[in-house]
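What follows is the residue order along each chain.
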Amino acid sequence: DQQVKQNSPSLSVQEGRISILNCDYTNSMFDYFLWYKKYPAEGPTFLISISSIKDKNEDGRFTVFLNKSAKHLSLHIVPSQPGDSAVYFCAASLSAGNMLTFGGGTRLMVKP
Amino acid sequence: NAGVTQTPKFQVLKTGQSMTLQCAQDMNHEYMSWYRQDPGMGLRLIHYSVGAGITDQGEVPNGYNVSRSTTEDFPLRLLSAAPSQTSVYFCASSYSPSATDTQYFGPGTRLTVL
């Protein structure tokens with residue numbers, strides 16, 4: 001069973017509006033979470049991360065929120081731009097290990 | 001600085017054939033790994049290496065072999081290809097195994113096994 005799930009395979013938003021991508025996890029031992037962005041025919045690139053000791057991390061237009069009690073994290077993009085159109089993967093890691101467990105991805109389409 | 005390079009970009013194999021997917025990095029990273037990406041499954045770890053001469057299995061290692069004779073190279077071998085190995089394969093590297101160290105991914109190899 002997948003330990004990290006992204007239940008929305010796709011999301012479409014208008015340019016300038018907020019994009020909210022969601023991710024749920026089942027393993028309470030995960031303590032570090034990351035978001036990767038992937039364009040077609042390219043490898044994923046790191047976007048933003050958050051440690052379990054925090055509930056929010058912000059980097060420019062990108063903010064990640066972590067709700068440990070709900071085992072849920074979300075990525076907010078404000079304002080959304082057409083160049084943000086990509087597949088976004090969330091990933092989680094155990095404190096004692098190095099393996100990343102990835103979600104299935106959400107395809108974001110930002111319409112001009 | 002080329003980062004992480006992978007060859008070939010595309011490959012079609014027949015069931016039972018063998019091949020090697022090449023991966024190289026020029027960032028002097030100790031940690032390298034191989035993932036496969038399947039629709040709806042995200043990226044799943046196949047094998048990883050924490051340094052030259054050291055490799056270990058990930059989540060889905062069956063049907064794949066790896067070796068790490070140099071810091072720069074980390075080839076992935078399919079000994080007898082099966083249709084279930086049709087996927088997109090990504091190699092990644094980072095300074096250390098820690099999840100807090102950014103992993104850099106190559107552009108991927110799209111493999112089809114008929």
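See above for the structure.
What you see is a predicted model, and the numbers here were worked out from it, not measured in a lab.

Before going further, it helps to spend a moment on the overall build of chain A. Each helix and strand in chain A was counted, giving zero helices and 11 strands. In chain A, the succession of α and β elements from N to C terminus is β-β-β-β-β-β-β-β-β-β-β. Taken over C-alpha atoms, the radius of gyration comes to 13 Å for chain A, in line with the 13 Å a tight globule of 112 residues would show. Each principal axis of the C-alpha atoms in chain A carries an extent, and together these give about 45 × 30 × 20 Å. Looking at chain A as a whole, 46% of its 112 residues are labelled buried. Relative to all contacts within chain A whose residues are 6 or more apart in sequence, the contacts with residues 24 or more apart total 55%. Within the structure as shown, chain A displays about 5400 Å² of accessible surface, and the carbon and sulfur contribution to it stands at 51%. Where the 11 positive side-chain charges of chain A centre and where its 9 negative ones centre are 4 Å apart.

What follows is about the sheet that holds strand β1 (residues 4-5) of chain A. Residues and elements named next belong to chain A. A sheet is described by the order of its strands in space; here five strands give the open sequence β1-β3-β8-β7-β6, paired in antiparallel fashion. Of all strands in the sheet, those with a lone pairing partner are β1 and β6 (56-59), marking the two edges. Relative to strand β8 (residues 72-77), strand β3 (residues 19-25) is paired through six bridges, and the arrangement is antiparallel. Within the sheet, the bridge partner assigned to Ser19 lies in β8 and is Ile77.

Considered as a void within the structure, the largest pocket measures approximately 570 Å³ in volume. If you go around the largest pocket, you meet 27 residues; those closest to its centre are Lys38 and Ala41 of chain A together with Gln37, Val88 and Arg110 of chain B. With three residues, strand β9 (residues 87-94) of chain B is the single largest residue contributor to the lining of the largest pocket. In terms of residue class, the lining of the largest pocket is made up of 12 nonpolar, nine polar and six charged. Taken as a whole, the second largest pocket encloses approximately 230 Å³ of empty space. If you trace the second largest pocket, you find 13 residues lining it, with Gln3, Thr101 and Phe102 of chain A together with Arg44 and Glu59 of chain B closest to the centre. Elements supplying a minimum of two residues to the lining of the second largest pocket: β10 (100-102) of chain A together with β5 (42-51) of chain B. When the residues that make up the lining of the second largest pocket are grouped by side-chain class, the tally is seven nonpolar, three polar and three charged.

Here we take up the packing of aromatic side chains. Taken as a whole, this structure holds 10 aromatic pairs over all chains when the rule is applied. On the numbers, 5.8 Å between centres and 55° between planes, the contact of Tyr36 of chain A with Phe102 of chain A is tilted. Of the two residues, Tyr36 of chain A is situated in strand β4 (residues 30-38) and Phe102 of chain A in strand β10; the sequence distance between them amounts to 66 residues. Just as Tyr36 of chain A is buried, Phe102 of chain A falls in that class too. Between Tyr35 of chain B and Phe105 of chain B, the aromatic rings sit 5.6 Å apart at their centres with planes inclined by 45°, giving tilted as the arrangement. Here Tyr35 of chain B is found in strand β4 (residues 31-38), whereas its partner Phe105 of chain B is found in strand β10 (residues 104-105), with 70 residues between them in sequence. Across the pair, Phe105 of chain B and Tyr35 of chain B agree in class, each one buried. Among the aromatic side chains, those forming a connected cluster through ring pairs are Tyr36, Phe46, Phe89 and Phe102 of chain A together with Tyr35 and Phe105 of chain B. In this structure, Arg68 of chain B packs its charged tip against the face of Phe74 of chain B, placed 6.0 Å from the ring centre.

Many structure descriptions define interface size as the accessible area lost when the parts assemble. Across the boundary between the two partners, chain A contributes 18 residues, which contact 20 residues of chain B. Here chain A packs against chain B, burying approximately 1600 Å² in sum over the two surfaces, 62% of which is carbon and sulfur. At the boundary of chain A with chain B, the tally comes to zero salt bridges. Where chain A touches chain B, the interface holds zero residue pairs in polar contact (both at pLDDT 80 or more). Elements that contribute at least two residues to the side of chain A that touches chain B include exactly β4, β9 (86-94) and β10 of chain A. It is β4 of chain A that contributes the most residues to the side of chain A that touches chain B, four residues altogether. In terms of residue class, the side of chain A that touches chain B is made up of 10 nonpolar, six polar and two charged.

Analysis parameters
Residue numbers here run from 1 along each chain, matching the order of that chain's written sequence. Working convention: letters from A go to chains and numbers from 1 go to ligands, in the order in which they are written. Only residues with pLDDT of at least 70 get local features here, since the model is predicted, and only at 80 or more are side-chain atom pairs given and counted; chain-wide, interface and lining totals rely on the full set of residues. Side-chain measures here rest on the full set of heavy atoms in the structure, leaving out hydrogens and waters. Only runs of H or I of at least four residues qualify as helices and only runs of E of at least two qualify as strands under DSSP, and these elements are numbered from the N terminus. Here the radius of gyration uses the C-alpha set of atoms, whereas the globule reference equals 2.2 Å times the residue count to the power 0.38. Relative accessibility under 20% of the residue-type maximum defines a buried residue, over 50% an exposed one, and the middle range a partly exposed one, all with a 1.4 Å probe and only protein chains included. Any pair of residues with heavy atoms lying within 4.5 Å of one another is described as a contacting pair. Per-residue and other accessible areas follow the Shrake-Rupley method at a 1.4 Å probe size, with only the shown protein chains counted as cover for residues. Charge counting follows a simple rule: Lys and Arg are positive, Asp and Glu are negative, and His as well as the terminal groups are ignored. Here the site of a charge means atom NZ of a Lys, CZ of an Arg, CG of an Asp or CD of a Glu. We treat two strands as partners when DSSP finds at least two bridges between them. The method works on a 1 Å grid over the protein atoms by themselves. A cavity is a set of points holding a 1.4 Å probe that cannot get out, a pocket is an open set with protein on both sides within 12 Å along at least five of seven lines, and residues with an atom within 4 Å of a point line them. Grid points are joined across faces, edges and corners, and a volume is the space filled by probe spheres set on the points. Each residue gets one label: Ala, Val, Leu, Ile, Met, Phe, Trp, Tyr, Cys and Pro are nonpolar, Asp, Glu, Lys and Arg are charged, and the others, such as Gly, are polar. Pairing of aromatic rings covers Phe, Tyr and Trp, the last counted by its six-membered ring, and requires centre-to-centre distances within 6.5 Å; plane angles under 30 degrees mean stacked, over 60 mean edge-to-face, and any other angle means tilted. Charge-over-ring contacts are defined here by two conditions on Lys NZ or Arg CZ: a distance within 6 Å of the ring centre and an angle within 35 degrees of the ring normal. Note on definitions: buried area is the accessible-area loss of two parts on being combined, 1.4 Å probe, summed for both. The rule for a salt bridge is simple: a side-chain nitrogen of Lys or Arg has to be within 4 Å of a carboxyl oxygen of Asp or Glu. The definition of a polar contact used here is a pair of N or O atoms within 3.5 Å, where within protein one atom must be able to donate a hydrogen and the other to accept one, and adjacent residues in sequence count solely through side-chain atom pairs.

Function-wise, these values are silent; they only describe arrangement.
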